[in-house]
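# Close look at the chain arrangement
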Amino acid sequence: MLEKAISYFGIYLLACLKSIFPPLLGPAVGMTPLEIIIITMAGLMTSVVLFSFLGEIIKKNILPIFIKKKGKFSPQSRRMVRIWTKYGIIGTCFLTPLVLSPVGGSLLVSTVGAPRKQVFFYMFIFGLFWSIVWTLSVDWLIGLGLISAQ
């Protein structure tokens, strides 16, 4: 029982970093598809809520410790602005579980000043979409015998 709880908690922590980990690792510890989707969403939304509220604090207080010379237009800031201007809030939330990490997407939308209610709503919708797609895809591949659950 304790081993299973530790496994679930470890997968939850990995879901906070990248949403693809629970669908890949969940079957190996015996999770059902519903459990995988719930843990994926819990990890994603934990990161989104945490970094949405802490995004400005991180930008002001922590990043200057690691970035000594603050250039106004670094390659990373240009890339983030390009993503935001090209896709907006809906596109960024759609791409967050797929391409960006929950942490990266949350920091991006919080630093550009997107409304939190919209961010939470769209991150939940697209996080749920991608977690269902990934979980059912892995479950389908296991059913075909192309990958093993053990």
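The structure under discussion appears in the preceding block.
All figures in this text were calculated on a predicted structure; none of them were measured in a lab. (Residues numbered from 1 in each chain as written. Predicted model: local features only at pLDDT ≥ 70, side-chain atom pairs only at ≥ 80, totals over all residues. Heavy atoms only, no water.)

### Things to note about the overall build of the protein
Along the backbone of the protein there are six helices and zero strands. Along the first, second and third principal axes, the C-alpha set of the protein runs to 50 × 35 × 25 Å. Put simply, the protein has 150 residues, and 35% of those count as buried. Counting contacts in the protein only where the partners sit at least 6 residues apart, residues at least 24 apart contribute 75% of the total. Carbon and sulfur atoms make up 72% of the accessible area of the protein, which amounts to about 9200 Å² in all. In the protein, 14 side chains carry a positive charge and 4 a negative one; their mean positions are 26 Å apart. (Helix = DSSP H or I, 4+ residues; strand = E, 2+ residues; numbered from the N terminus. Buried < 20%, exposed > 50% of the residue type's maximum accessible area, 1.4 Å probe, protein only. Contact = heavy atoms within 4.5 Å. Areas by Shrake-Rupley, 256 points an atom, 1.4 Å probe, with all protein chains shown as cover. Lys, Arg positive; Asp, Glu negative; His and termini not counted. Charge placed at Lys NZ, Arg CZ, Asp CG, Glu CD.)

### Some details on the nonpolar core
Formed by Ile37, Met41, Leu44, Met45, Val48, Ile89, Cys93, Val109, Ala114, Val119, Met123 and Phe126, the largest nonpolar core amounts to twelve residues. At the level of secondary structure, the elements contributing two or more residues to this core comprise α3 (33-66), α4 (75-98) and α6 (116-144). The dominant element in this core, judged by the number of residues it contributes, is α3, at five residues. Every residue in contact with Val119, bar those within four places of it in the chain, is listed here: Val48, Ser52, Ile89, Cys93, Val109 and Ala114. With five residues, the next largest nonpolar core counts Tyr8, Ile11, Met31 and Ile36 among its residues. (Core = buried A, V, L, I, M, F, W, Y, C linked by side-chain atoms within 4.5 Å.)

### Let's talk about a nonpolar patch on the surface
Together, Leu14, Leu17, Phe21, Leu24 and Leu25 make up a nonpolar patch on the protein surface, roughly 410 Å² of accessible area in all. Mapped by element, the contributors of at least two residues to the nonpolar patch are α1 (2-17) and α2 (21-25). Top contributing element to the nonpolar patch by residue count: α2, with three residues. (Patch = residues over 30% accessible without salt bridge, like charges linked within 9 Å, V, L, I, M, F, W, Y side chains within 5 Å. Salt bridge = Lys/Arg side-chain N within 4 Å of Asp/Glu carboxyl O.)

### Some words on the environment of Gly104
Mapped onto the elements of the fold, Gly104 is located in helix α5 (residues 102-111). For Gly104, a relative accessible area of 21% translates into the label partly exposed. Spatially, the C-alpha atoms of Gly104 and Phe51 are 8.8 Å apart, while their sequence positions differ by 53 residues.

### Some points on the packing of aromatic side chains
Applying the stated criterion to the full structure yields nine aromatic pairs. An angle of 50 degrees between the planes, with centres 6.0 Å apart, marks the rings of Phe53 and Phe120 as tilted. Here the residue Phe53 occupies a position in helix α3, and Phe120 occupies one in helix α6, the gap between them amounting to 67 residues. With relative accessibility at 43%, the residue Phe53 sits in the partly exposed group. Through pairs of rings, three or more aromatic residues link up here, namely Phe94, Phe121, Tyr122, Phe126, Phe129, Trp130 and Trp134. (Phe/Tyr/Trp six-rings, centres within 6.5 Å; stacked < 30°, edge-to-face > 60°.)

### As for the environment of Leu95
Along the chain, Leu95 falls in helix α4. Residues in contact with Leu95, not counting those within four places in the same chain, are Tyr87 and Leu100.

### Considerations on the side chain of Ser131
Relative to the elements of secondary structure, Ser131 occurs in helix α6. Take Ser131: its relative accessible area is 0%, and that puts it in the buried class. Residues within four places of Ser131 in sequence aside, it is in contact with Ile37, Thr40 and Met41.

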